[in-house]
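# Residue-level structural notes
Chain by chain, the residues:
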Amino acid sequence: MISDALTRRAEALTAQSVPFVVARVVRAQRPTSTLAGDVALVLDDGSIEGFVGGVCAEQSVRVHALHVLETGEAVLLRILPGDGHDEGQKSEGAVTVQNPCLSGGAMEIFLEPVLPSPRVLAVGATPVAGALKRLGAELGLRVVAVQDDAPEPAEDDLALVVAAHGRDELDALRRGLETGLPYVGLVASGVRGAAVVEELRAGGMSEERLEALDTPAGIEIGARTAAEIALAILARIIAVRRGAGAPSRPRRPVPDGPATAMDPICGMAVAAAADTPHVEHDGRTVYFCCEGCKAKFEQDQGAVVVAG
């Protein structure tokens, strides 16, 4: 079971919008050192907090948890005793790996990503901006209403919607377009929207960036009320998020996540992280699943390695 301390840690990470994976043991076959119900958190730097098995099982959990963070899709990880010389057999919703270090028992661990809600900036103290915030929460979006200060869009933001009815529109749109957000929309009539586009063009905005501006914002549903307009805009944003509407950028990998490497002794895939056992050899870093494999490599190579 998850401890109170780990629960509080998960809540703190969620509040700080830090992505992580909940790794929960759902099956443990004797004589493994873990029990069904054991839980750990895997952060995007590969660090693990909690316990879901020994060092070798932990390496498999780390590698596949980082992949889960990239895809955003949960997976069941099956770890079986074996020679380890494969990259994992995948089926829908599951992956099976062989681990030569297991003490004879198999394990199944459910890896569930906990990702920050995508942020949507809504500029303007207007009914449409308020409706965006209310409806967006139901769709798993974190809509931030910006009323007074100019927004500071971040590269990881999903969208910026300007619903300010002419107040401070140009600066907000320029920032969103220059940041390259997946979606930037302007709530305006067709006539005023075209005029705003001309102002941005006259100010030096490139045609490529201007093509990314959606005005009038949202899909055409004949919307009249603030809630209907917000619904139309959110439908467009969801389409962009799910890859069903342009413009959209490909999913970015988890920032600064460690790459993977192959243990030359047992053939396991391991995370190339600072706390993974490793040595410097022939001008490169060699990573291992555990200290045992590292020691064997050092013994085989003699004094030509430098312990990391």
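Structure's up top.
Everything numeric in this text was worked out from a predicted model, so none of it was measured.

About the thresholds
Residues numbered from 1 in each chain as written. Predicted model: local features only at pLDDT ≥ 70, side-chain atom pairs only at ≥ 80, totals over all residues. Heavy atoms only, no water. Helix = DSSP H or I, 4+ residues; strand = E, 2+ residues; numbered from the N terminus. Contact = heavy atoms within 4.5 Å. Areas by Shrake-Rupley, 256 points an atom, 1.4 Å probe, with all protein chains shown as cover. Phe/Tyr/Trp six-rings, centres within 6.5 Å; stacked < 30°, edge-to-face > 60°. Buried < 20%, exposed > 50% of the residue type's maximum accessible area, 1.4 Å probe, protein only. Lys, Arg positive; Asp, Glu negative; His and termini not counted. Salt bridge = Lys/Arg side-chain N within 4 Å of Asp/Glu carboxyl O. Polar contact = N/O pair within 3.5 Å; in protein donor to acceptor, adjacent residues only side chain to side chain. Arc of directions from axis to C-beta. Core = buried A, V, L, I, M, F, W, Y, C linked by side-chain atoms within 4.5 Å. Axes fitted to C-alpha atoms, helices over the stretch in contact; angles between N-to-C directions. Parallel < 35°, antiparallel > 145°, perpendicular 65-115°, else oblique. Left-handed = near helix turned anticlockwise from the far one by under 90°. Pairing = 2+ DSSP bridges.

### Notes on the overall build of the protein
Counting its regular elements, the protein contains eight helices and 17 strands. Considering only residue pairs separated by 6 or more positions, the protein has 58% of its internal contacts joining residues 24 or more positions apart. For the protein, the computed accessible surface area is about 15600 Å², with 51% contributed by carbon and sulfur atoms.

### What to know about the packing of aromatic side chains
Two numbers describe a pair of aromatic rings. These are the distance of the centres and the angle of the planes. Enumeration over the complete set of coordinates arrives at one aromatic pair. Seen from their ring centres, Phe-288 and Phe-297 are 5.2 Å apart, and the 50° between their planes marks the pair as tilted. In this pair, the class of Phe-288 matches that of Phe-297, namely buried.

### Some remarks on the side chain of Asp-38
On the secondary structure map, Asp-38 appears in the loop between strand S1 (20-28) and strand S2 (39-43). Within the buried set, Asp-38 has no salt-bridge partner at all; the shortest N-O distance to an opposite charge, 8.9 Å, is to Arg-24. Within the structure, Asp-38 has its side chain in polar contact with the backbone nitrogen of Leu-35 (distance 2.9 Å). In this structure Asp-38 touches Met-1, Ala-23, Arg-24, Val-25, Phe-51 and Val-52, once residues within four positions along its chain are discounted.

### A word on helix H8 (residues 291-301)
Those residues of H8 that fall on the buried side of the exposure criterion are Cys-293, Lys-294 and Phe-297. Each buried residue of H8 lies within a common arc of 100° when the element is viewed along its axis, so the set occupies one face.

### Some remarks on the environment of Val-18
Inspection of the secondary structure puts Val-18 in the loop between helix H1 (4-15) and S1. Among the residues examined, Val-18 registers a relative accessible area of 24% and is labelled partly exposed. Taking the C-alpha atoms as reference points, Val-18 and Val-114, separated by 96 residues in sequence, lie 8.5 Å from one another. Excluding residues that lie within four positions of it along the chain, Val-18 makes contacts with Leu-13, Val-114 and Pro-116.

### Describing the nonpolar core
Within the largest apolar cluster, 21 residues are counted, with the highest numbers of intra-cluster contacts made by Val-61, Ile-79, Ile-109 and Leu-111. Looking at this core, the elements with two or more residues in it are S1, S2, helix H2 (55-71), strand S4 (75-81), strand S6 (94-99) and strand S7 (107-114). Residue contributions to this core peak at six residues, all from H2. Those residues within four positions of Leu-111 in sequence are excluded, and the remaining contacts are Val-21, Val-22, Ala-23, Val-61, His-64, Ala-65, Val-68, Ala-74, Val-75 and Leu-77. If you look at the next biggest cluster of nonpolar residues, it comprises 20 residues, including Ala-129, Val-161, Ala-163 and Tyr-183.

### With respect to the pattern of salt bridges
With the rule as written, the count across this model stands at 11 salt bridges. Residue Asp-171 is joined to Arg-175 by a salt bridge in which the shortest nitrogen-to-oxygen separation is 3.1 Å. Taken together, the residues Asp-171 and Arg-175, both in helix H4 (residues 169-179) and four residues apart, mark about one turn of the helix. Using a relative accessible area of 33% as the deciding quantity, one classes Asp-171 as partly exposed. Its relative accessible area of 26% is what places Arg-175 among the partly exposed residues. A salt bridge links Arg-236 to Asp-214, with the shortest nitrogen-to-oxygen separation between them at 3.7 Å. In this pair, Arg-236 sits in helix H7 (residues 226-241) while Asp-214 sits in strand S12 (residues 213-214), placing the two residues 22 residues apart along the sequence. Judged by relative accessible area, Asp-214 falls into the buried class, the value being 17%.

### So, the packing of helix H3 (residues 127-138) against H7
For the pair H3 and H7, the least separation of the axes is 8 Å and the interaxial angle reads 60°. Taken together, H3 and H7 sit at an angle that is classed as oblique. Judged by the twist between their axes, the crossing of H3 over H7 is right-handed. The residues of H7 that touch H3, namely those facing Pro-127, Val-128, Ala-131, Leu-132, Leu-135 and Gly-136, are Ala-226, Ala-227, Ile-229, Ala-230, Leu-231, Ile-233 and Leu-234.

### Comments concerning the sheet that holds strand S10 (residues 159-162)
The pairing of strands in a sheet happens through backbone hydrogen bonds and is either parallel or antiparallel. Taken together, the five strands give an open sheet; going across it, the order is S9-S8-S10-S11-S12, and neighbouring strands pair in parallel fashion. One side of each edge strand has no neighbouring strand; the edge strands of this open sheet are strand S9 (142-146) and S12. Each of strand S8 (119-123), S9 and S10 touches H3; the most contacted strand, S9, lies at about 160° to it.

### A look at the environment of Val-187
In this fold, Val-187 is placed in the loop between strand S11 (183-186) and helix H5 (190-202). A relative accessible area of 10% means that Val-187 is categorised as buried. Taking the C-alpha atoms as reference points, Val-187 and Val-161, separated by 26 residues in sequence, lie 7.4 Å from one another.

It is worth stressing that arrangement in space is one thing and function is another; only the former is reported here.
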